[in-house]
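Observations on the model geometry
One letter stands for each residue in the lines below.
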Amino acid sequence: MSVRVHPELRNQLMQFGIGDWNACYHCGTCTAMCPLSEEGFLFPRKKIRLMQMGLKNEIESSVEPWLCYYCGDCTSTCPRDANPGELMMSLRRYLTSIYDWTGLSKKFYTSEVWEIGSILLIAVLVVIAFLIGLPAMGYSFTTELTSQGGVKINSFAPIHIIEAFDWAMAIVVGGLLISNILRMYYKIIWKHGHTKVTFWVHVREFWRLVFNFSVQPKFGKCDDKRYWFSHWFLMSGYTIMFIVVVVFLPWFQTEKILPPWHLQRALGYYATFGLLFGLLVAITGRMRRKDVKFYFSHVSDWLFLVMLTLTVITGILIHIFRIYGMPYATYIFYIIHMAVLVPMILIEVPFSKWSHLAYRPFAVYFQHLKTHAVPRKTKINSIN
Amino acid sequence: MRSPSKTCIFFYNPQFSDFDPIDYAELIRYSMTFPNVSRIWKYHDFIWNEQNLTDKIEANGIDHLIVAGLLPGTVKTLFSKAMAIAGKDPANVILASFNDYYTGTTFDMDRLKSVLACLIAGLSYETVAIPDENPVNPATLVIGGGIAGIQASLEIAYSNNHVYLVEKTGTIGGKMATFDKTFPTLDCAACILTPKMVEVNQNPFINLMTYCEVQEVSGEAGNYSVRILMRARKVNVKTCIGCGTCTEKCPAQAPSEFDYGTSMRKAIYMPFPQAVPNKYMIDAESCIYLKTGKCRACVKVCPVPDCINLDEQDHEVTINVGNIIVATGFKPFDAKKMDQFGYGRLPNVLTSLEFERLLNASGPTGGNIHLRSQDKKGNWIFTEEAEKPEKVAIIHCVGSRDKNHNKYCSRVCCMYSLKFSHLILEKLPGAEIHEYFIDMRSFGKGYEEFYERILEEDVSIVRGKTAKVEERNGKLFLRGEDILKGEILENTVDMVILSIGLEAAEETRDLSRMLGIPRSEDGFFEEVHYNLDPTATSRGGIYLAGTCQGPKDIPDSVAQGSAAAARAIQSILKGKIYKDLISIPLETIEKRINKLTLVQLEEKHL
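Residues numbered from 1 in each chain as written. Chains lettered and ligands numbered in written order. Predicted model: local features only at pLDDT ≥ 70, side-chain atom pairs only at ≥ 80, totals over all residues.

As a further point, take the overall build of chain A. Helix and strand counts for chain A stand at 21 helices and 2 strands. On C-alpha atoms alone, chain A measures out to a radius of gyration of 23 Å, which is about the 21 Å that the 2.2 N^0.38 rule sets for 384 residues. In terms of its C-alpha atoms, chain A occupies a principal-axis envelope of roughly 80 × 55 × 40 Å. Looking at chain A as a whole, 39% of its 384 residues are labelled buried. For chain A, long-range pairs separated by at least 24 residues make up 77% of all intrachain contacts whose partners lie at least 6 apart in sequence. (Helix = DSSP H or I, 4+ residues; strand = E, 2+ residues; numbered from the N terminus. Rg over C-alpha atoms; globule rule 2.2 N^0.38 Å. Buried ≥ 20, exposed ≤ 12 C-beta atoms within 10 Å, placed from the backbone. Contact = placed C-beta atoms within 7 Å.)

So this is what it looks like as structure tokens:
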């Protein structure tokens with residue numbers, strides 16, 4: 001198989017983040033410092049080498065960028081200021097844009113106008129839907145309170161419409177994400193002509209996907225356990241909230257005010273604390289810029305944090321206003337909540353930073369598929 | 001060169017050179033005052049391609065083109081081509097490279113203007129900028145008694161001129177005296193150095209001043225007045241017979257500077273047995289008498305009356321010299337700054353200089369390689385009872401070629417590391433040696449051959465710098481990447497040697513202020529011209545020798561010592577010395593230009 005060299009790759013990758021791809025003189029310090037780099041899957045130096053040589057296909061078929069959890073040890077010890085940690089981050093952004101078949105991801109990553117513009121557009125559409133769409137469909141809200149003194153929220157946001165919309169959004173986002181993962185699978189496993197992975201290995205190694213999604217053990221191996229905890233707390237809170245809002249919305253968005261120890265409220269509080277804690281660590285970290293992992297912030301990193309924070313804060317406010325019977329405040333923040341949440345999920349999950357929630361565990365899964373790959377029988381072999 | 005008629009100046013200051021410190025506006029204003037300058041262009045004035053340039057040259061009828069800037073040579077071809085296309089002589093493209101012409105890194109506006117004025121007049125800067133001369137005092141001061149300073153002193157003394165050799169420590173010899181062997185010839189360092197040291201001591205033209213420091217320098221080229229602090233040695237150098245009785249009785253101990261702390265010395269000591277002068281001295285910081293007022297053991301046992309005077313005080317002397325040779329040497333990189341290698345925490349991680357002492361027959365283990373072990377009090381020391389290492393790793397480029405520490409290559413580490421491999425195998429046959437390098441730099445006469453020789457010996461030389469050293473089960477565990485194999489490399493060894501780089505000595509900063517000579521970015525003294533004048537400084541009568549100018553090996557230091565001496569002797573023979581180059585004011589240059597152009601015009605009429 002011939003190897004194709006893409007000299008333009010360097011300039012393409014420069015658009016995805018900071019870092020000097022040509023500074024590396026290959027001393028190997030980064031790879032040896034890395035707590036996650038293991039035999040057969042060595043990074044960051046090897047990936048920098050691929051980049052310097054312009055081997056686009058090799059980069060696209062590598063899982064290693066997703067195995068890096070950016071502790072920053074490589075960057076702080078690099079004798080050349082080549083910033084390997086950020087280069088791996090840029091590679092992840094690049095790979096996200098490669099897996100995405102719509103081409104939108106590349107636009108969002110390389111153009112701030114595109115990213116912020118589309119977020120604003122979707123936000124405006126959401127506001128229009130609430131202010132014009134729902135009244136036009138014949139729904140009118142009431143400012144009357146329930147017997148418990150709570151806001152009749154379902155009169156403003158009819159539960160079956162919101163639920164239908166949630167499901168539609170979940171299907172669109174899920175569909176995009178799954179198709180991207182299939183492309184990822186194709187590039188990493190399927191395209192490899194020399195090896196194949198048996199069906200049994202796929203089944204046997206599947207637990208790794210579930211395990212890595214829910215626990216992120218690799219993140220824990222990165223030196224600082226505090227970051228693993230804050231990330232895991234945020235992730236678990238987010239996952240619970242996502243399932244509750246999409247699958248169990250009629251159970252979650254009730255007009256009846258349940259006692260605080262009821263599962264509905266308890267789960268909500270857990271998710272809120274998890275999200276807030278994780279966000280606080282990430283935002284203060286990025287503002288203080290003390291740790292190498294937080295030193296360089298791309299627009300996509302900040303957008304994600306800001307939007308998630310807005311979502312959580314507006315969610316808390318809706319909850320408070322609803323319980324204390326303030327209908328107008330509740331409804332206004334409900335619109336803001338949705339105007340932030342919907343674009344965040346539509347843009348970030350399939351096309352941008354948030355897609356890592358799928359790519360990272362799948363990368364670990366694919367990594368283990370790769371280690372168990374067996375040589376494919378070639379025609380020459382079969383003749384013999 | 002005839003006086004140019006219609007000249008154009010192109011200022012080449014590309015925007016990407018962020019470090020361009022030159023005030024171009026001022027230079028343009030100055031150039032406009034010359035009548036023969038017809039046009040001035042700046043980098044951003046037009047898109048400069050061949051066609052465009054040719055058009056402009058033709059339209060303005062330009063005969064001469066001066067390209068001025070930091071690196072104008074990069075665009076010279078383009079301008080020459082454009083001149084040729086326009087039908088003019090392409091040789092009339094003149095470069096005003098501010099990096100050359102002795103402008104150094106200071107970028108003094110007057111000097112830049114001088115360079116421009118000369119070139120506009122069609123004269124080279126060198127023919128115009130000749131400094132005034134001073135009569136010269138034939139005595140020379142050499143600062144630093146390492147191999148470069150020794151060489152320079154001897155060269156001058158052989159020409160029957162007086163030399164003051166000032167050395168900060170108690171003995172001359174410098175770093176080379178601490179080495180065991182020199183690469184690539186594997187000469188015994190002491191065997192080739194000590195005869196020279198003795199010669200320094202015996203030569204009547206050399207006034208050896210050890211344990212002294214230069215305090216102040218005043219005056220100008222040809223006649224410098226230097227104030228020197230003579231530290232109290234507290235032992236009379238003239239009467240001390242070097243018997244060693246005092247050291248035997250002295251109760252106080254301190255780490256030996258000469259052995260880089262690998263062994264202990266007494267408070268009254270001789271730095272090493274072959275020290276020059278071969279006399280004892282007292283370290284005021286560790287002496288019990290000087291701290292508590294009680295002891296005087298050395299005075300009691302000294303067989304020479306009044307030889308030891310514990311109450312001696314520092315004093316100062318002032319000397320007058322015509323030339324000064326700076327040979328202050330280097331400081332080894334502090335390996336504790338790179339915590340990942342564990343130096344200072346792990347007892348058997350050594351720096352290369354410590355290992356030199358370990359190899360040396362006069363070192364702490366008598367030239368046998370032993371691991372560091374704990375004594376009864378729990379201190380980590382070298383003894384001959386300790387075990388010998390079976391596996392040794394040598395890590396190259398510690399502190400060098402590293403943007404976190406020193407960007408430059410220290411030039412000697414690759415070679416001395418290879419030398420270590422050879423010497424370890426010589427002393428411990430069958431030992432396993434691993435060298436971890438990034439790039440092997442074996443430049444120089446016989447060096448590559450030496451590398452090949454080591455490759456044939458049983459040494460594993462691996463490409464890939466080690467990332468970290470940790471202690472595991474009492475052994476040292478290394479982790480790195482084997483670049484060529486593309487594998488993680490893990491190894492457990494008994495001893496790790498860090499090939500530390502060279503840094504500018506601490507006193508470089510003070511000396512540069514005292515002497516008024518600039519330092520370059522990396523902290524070393526700056527020479528006038530890297531290629532063509534590596535020993536002179538921008539101040540007349542002050543020269544550089546050895547590693548104070550930049551990392552270099554022994555042969556280069558010796559060569560530079562001789563070269564610096566030649567410069568001093570040159571002025572002594574002539575009886576006159578040029579003043580500082582930077583001291584020529586712009587008006588003088590302008591006057592000279594006028595004079596020279598008049599001469600040229602007269603020649604033409606003849």
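Our next topic: the domain arrangement of chain B. For chain B, the assigned domains are domain 1 (7-129 + 584-605), domain 2 (132-231 + 314-329 + 505-583), domain 3 (232-312) and domain 4 (331-503). When each unit is reduced to the centre of its C-alpha atoms, the spacing between domain 1 of chain B and domain 4 of chain B is 52 Å. (Domains from an automatic or database assignment.)

A separate point is the confidence of the model for chain B. Summarising the model, chain B shows a mean pLDDT of 89, and 95% of its residues fall at 70 or more. We note a pTM of 0.83 for the whole complex and an ipTM of 0.80 for its interfaces. (pLDDT = per-residue confidence, 0-100.)

For the rest of this paragraph, the subject is helix α3 (residues 45-53) of chain A. Those residues of α3 of chain A that fall on the buried side of the exposure criterion are Arg45, Lys46, Lys47, Ile48, Leu50 and Met51 of chain A. Of the surrounding secondary structure, the elements contacted by the buried residues of α3 of chain A are α1 (9-14), α2 (29-33), α4 (56-60), α5 (64-67) and α7 (84-99) of chain A together with β27 (475-482) of chain B.

On to the interface of chain B and chain A, then. On the chain A side, the residues contacting the 17 residues of chain B number 17 residues. Those elements that place two or more of their residues in the side of chain B that touches chain A are β26 (466-472), β27 and β28 (487-493) of chain B. Top contributing element to the side of chain B that touches chain A by residue count: β27 of chain B, with 3 residues. For the side of chain B that touches chain A, the per-class residue count stands at 4 nonpolar, 5 polar and 8 charged. (Nonpolar A, V, L, I, M, F, W, Y, C, P; charged D, E, K, R; others polar.)

Residue and element names in this part refer to chain B. Extensive coverage of strand β1 (residues 7-12) is indicated by the burial of 6 of its 6 residues. Judged from the 5 bridges that link them, β1 and strand β2 (residues 37-42) form a sheet pairing that is parallel. Pairing of Thr7 across the sheet is with Val37, part of β2. The pairing of β1 with strand β3 (residues 64-69) spans 6 bridges and is parallel. Counterpart to Phe11 in the pairing with β3 is Ala68. (Pairing = 2+ DSSP bridges.)

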